[in-house]
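# Descriptive analysis of the structure
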Amino acid sequence: MFELRLNNNKTIPLKWGTWAMKRFCELENKNLMQLIEVLSGGVYDLDTIVHIVQAAAESGYKSLKKPIDFDEYIICEWIDEVGGLSAKE
């Protein structure tokens, strides 16, 4: 499990595993082979980046049995808070 650390010291648990990959495929309307192509391509559009974070955060919350109390808007706010799309981490 990874953590996304926000400026207010809040941490968002991120977990990338089978469930997160399944959820990402649902969000992107892609199959497993298309997921592999997306991840190995190294070039992501904005929706893909948001969906990767969303799937990993939902998986992290589920694994900790925390309620999922965020949406795409909140996820975009998290991304902006940690430096936006140009952030190194």
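In this report, the structure presented in the accompanying data block is examined.

Quick notes on the rules
Residues numbered from 1 in each chain as written. Predicted model: local features only at pLDDT ≥ 70, side-chain atom pairs only at ≥ 80, totals over all residues. Heavy atoms only, no water. Helix = DSSP H or I, 4+ residues; strand = E, 2+ residues; numbered from the N terminus. Rg over C-alpha atoms; globule rule 2.2 N^0.38 Å. Buried < 20%, exposed > 50% of the residue type's maximum accessible area, 1.4 Å probe, protein only. Contact = heavy atoms within 4.5 Å. Polar contact = N/O pair within 3.5 Å; in protein donor to acceptor, adjacent residues only side chain to side chain. Patch = residues over 30% accessible without salt bridge, like charges linked within 9 Å, V, L, I, M, F, W, Y side chains within 5 Å. Areas by Shrake-Rupley, 256 points an atom, 1.4 Å probe, with all protein chains shown as cover. Salt bridge = Lys/Arg side-chain N within 4 Å of Asp/Glu carboxyl O. Core = buried A, V, L, I, M, F, W, Y, C linked by side-chain atoms within 4.5 Å.

### So, the overall build of the chain
- Secondary structure summary: the chain contains four helices and two strands in total.
- The N-to-C order of helical and strand elements in the chain reads β-β-α-α-α-α.
- Computed over its C-alpha atoms, the radius of gyration of the chain comes to 13 Å, within 12% of the 12 Å expected for a compact globule of 89 residues.
- Dimensions of the chain along its principal axes, counting C-alpha atoms only, are 40 × 30 × 20 Å.
- Buried positions account for 34% of the 89 residues belonging to the chain.
- Contacts in the chain between residues at least 24 apart in sequence constitute 55% of all its contacts with a sequence separation of at least 6.

### Some details on the side chain of S59
- Along the chain, S59 falls in helix α3 (residues 46-63).
- For S59, a relative accessible area of 6% translates into the label buried.
- A polar atom in the side chain of S59 sits 3.4 Å from the backbone oxygen of K15.
- In this structure, S59 is in contact with K15, W19 and A20, ignoring residues within four places of it in sequence.

### Let's talk about a nonpolar patch on the surface
- Residues W16, L39 and Y44 make up a contiguous nonpolar surface patch of about 250 Å² in total accessible area.
- By secondary structure assignment, the location of W16 is in the loop between β2 (11-14) and α1 (18-28).
- Given a relative accessible area of 33%, W16 falls into the partly exposed group.

### Looking at the nonpolar core
- Core analysis: the largest hydrophobic core is formed by 13 residues, its most contacted members being L4, I12, L14, A57, F70, I75 and W78.
- Contributing elements (two or more residues each) for this core: β2, α3 and α4 (72-81).
- Tallying contributions element by element places α3 first for this core, with five residues.
- Not counting residues within four places of it along the chain, the set of residues in contact with F70 comprises A57, E58, Y61, I75 and W78.
- Counting residues in each nonpolar core, the second largest holds six residues, with A20, L35, V38 and A55 among its members.

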